[in-house]
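Listed here are the chains, written in short residue letters.
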Amino acid sequence: MTAFLIAAALLVIAIIALLLPPLLRTPRFSGSTDQSEANLAIFRDQLAELERERREGSLAEADFAQAKSELQRRLLEEVPAQAAPATTDGGSRQTALALLVLIPLAAAAGYALLGEPRALDPLQRQARIAPEQIEAMLNSLVDKLRKNPDDHQGWVMLARSYKVLERFPEAVKAYERAAPLVDQDPALLADYADVLAQTQGGSLQGRPSELIERALRINPREPQALLLAGAAATDREQFAAAADYWSRLLELVEPGSEEASALTAAIGKAREFAAAQAGGGAKPGASAGAVSGEVTLSSKLAATVQPGDVLFVFARAEEGPRMPLAAQRARVADLPLRFEFDDSMALAGGKKISDFATIRIEARVARAGQAQSSSGDLFGTLSGVKPGSRNLRVLIDQVQP
């Protein structure tokens, strides 16, 4: 919106700059043919200047037509006036002042009547972009890159577009095509690692960690790389390293911001876990009653789901609150999915897995993407699970009526 308003204002100023100087200039009239020819030459030069600005795109067609009309009107007024000297320039100055006020007002009024002011609102513009339009823009970019495969910046743009659309495998391929650019840019390396992790069920181990390490070698203060490095260290249960990465990131965020508060809490928790490790204990909040296992999908139902469908795994009390004691969210593409629940993941008003003699594990493919069950969901349950059970097997093999 700001760019449009600046461009519009510059066009109005350009028109005023073209029209006012001749009007404010003290007229010098002569009956000679030479003076008339000089005036005609000036008008021709001004008209040529207007036409040049129109061709270059700095002057809109409507503004060109208005300026040209004004020049022609002045030409008709000036030529007859050469025969009689003017006694005052008051009329020209009044015209100049009138134009100074009227041109901006006329431009604003014209846009209000004929334009689309709501199009200046970025939210309105975003809302009007249909999925088909997005797909068409993506296809257009892909076509351009096929013709110019060495456009590494274009491949990066395509990768980021795919990431926003959660088309992670395609984003990975696009980043691979931009390798000469990505390998030298720590921010791009970190983003590439994030996208690659999404294709591995969210795991940052392996290739994503290598990319993160390379990014930090280039720039030890790259924010996204520090964030991901801490997450990867947590996955490896290297909590002291995670706290160190996030502490370095905390120095880069605005003090008192929501990001700073979240990082401070994460650093505190990581240090707490690290202290427990150093003392030979378990993670704070965990218990011997932890349960773990694997979720799989029946081959009979495999054709009815999509890789992006949302998957929930819950631990619930068999007798007691309906609210889950612990939960995990994933996608069908992550199956078979490993899970582990313990008391540190308690959700239901302080109730923990170890508070119950037996619990039930439920896995659900949520058609509506919500934790609440709905018709058409696929699910599987395992009942009578005792806290501390390991290597459980939960099969999704039923359909919600």
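Residues numbered from 1 in each chain as written. Predicted model: local features only at pLDDT ≥ 70, side-chain atom pairs only at ≥ 80, totals over all residues. Heavy atoms only, no water.

Asker: So what about helix α6 (residues 131-147)? Which residues, and what values?
Answerer: A rise of 1.5 Å per residue sets the reference length of α6, with its 17 residues, at 24 Å; its end C-alpha atoms lie 25 Å apart and thus fit the reference within 8%. The complete set of buried residues in α6 reads Leu138, Leu141, Val142 and Leu145. Buried residues of α6, viewed axially, fall in a sector of 100°; they line one side. Counted as exposed and oriented over 90 degrees from the buried face of α6: Glu132, Lys144, Arg146 and Lys147. (Helix = DSSP H or I, 4+ residues; strand = E, 2+ residues; numbered from the N terminus. Expected span 1.5 Å × (residues − 1). Buried < 20%, exposed > 50% of the residue type's maximum accessible area, 1.4 Å probe, protein only. Arc of directions from axis to C-beta.)

Asker: I'd love a proper account of the pairing of strand β5 (residues 359-366), names of residues and values included.
Answerer: For β5, the tally of buried residues reaches eight of eight residues, placing the bulk of the element in the interior. Side chains Ile359, Ile361, Ala363 and Val365 project from β5 onto one buried face, and the interleaved Arg360, Glu362, Arg364 and Ala366 project onto a second face that is buried too. Inspection of the sheet shows strand β2 (residues 310-317) paired to β5 by eight bridges, in the antiparallel sense. What sits directly across from leucine 311, in β5, is valine 365. Across six bridges, β5 lies against strand β6 (residues 378-385) in antiparallel orientation. Bridge assignment links isoleucine 359 to a residue of β6, and that residue is valine 385. (Pairing = 2+ DSSP bridges.)

Asker: Hey, could you go over the packing of helix α10 (residues 186-198) against helix α12 (residues 223-235) for me, with residue numbers and the actual values?
Answerer: Remark: α10 packs on α12, axes separated minimally by 8 Å, with the N-to-C direction vectors making an angle of 35°. Our pair here, α10 against α12, has a crossing hand that is left-handed. Residues Ala187, Ala190, Asp191 and Asp194 of α10 form the contact with α12, whose participating residues are Gln224, Ala225 and Leu228. Of the residues belonging to the contact of α10 with α12, the class tally is four nonpolar, one polar and two charged. (Axes fitted to C-alpha atoms, helices over the stretch in contact; angles between N-to-C directions. Left-handed = near helix turned anticlockwise from the far one by under 90°. Contact = heavy atoms within 4.5 Å. Nonpolar A, V, L, I, M, F, W, Y, C, P; charged D, E, K, R; others polar.)

Asker: Give a detailed account of the sheet that holds strand β7 (residues 392-396), specifying residues and quantitative values.
Answerer: Pairing in this open sheet of three strands is mixed, and the strands run β4-β1-β7 from one edge to the other. Of all strands in the sheet, those with a lone pairing partner are β4 (337-341) and β7, marking the two edges. Looking at each pair of strands side by side, their axes are set apart by 30° on average, direction ignored. Alignment of strand β1 (residues 291-297) against β4, held across five bridges, turns out to be antiparallel. Looking at β4, one finds that serine 292 is bridged to glutamate 340.

Asker: How would you summarise the packing of helix α7 (residues 152-164) against α10 if you had to cite specific residues and measurements?
Answerer: Viewed as axis vectors pointing N to C, α7 and α10 meet at an angle of 40°, and their least axial separation amounts to 11 Å. Relative to α10, the element α7 is oriented oblique. The chirality of how α7 crosses α10 is left-handed. Facing Val156, Arg160 and Lys163 of α7, the residues of α10 in contact are Leu188, Asp191, Asp194 and Val195. Tallied by class, the residues present in the contact of α7 with α10 amount to three nonpolar, no polar and four charged. (Parallel < 35°, antiparallel > 145°, perpendicular 65-115°, else oblique.)

Asker: Which residues make up the side chain of serine 298, and what values do they have?
Answerer: You can see serine 298 is positioned in the loop between β1 and β2. When near neighbours in sequence (up to four residues on either side) are disregarded, serine 298 contacts Leu395, Ile396 and Asp397.

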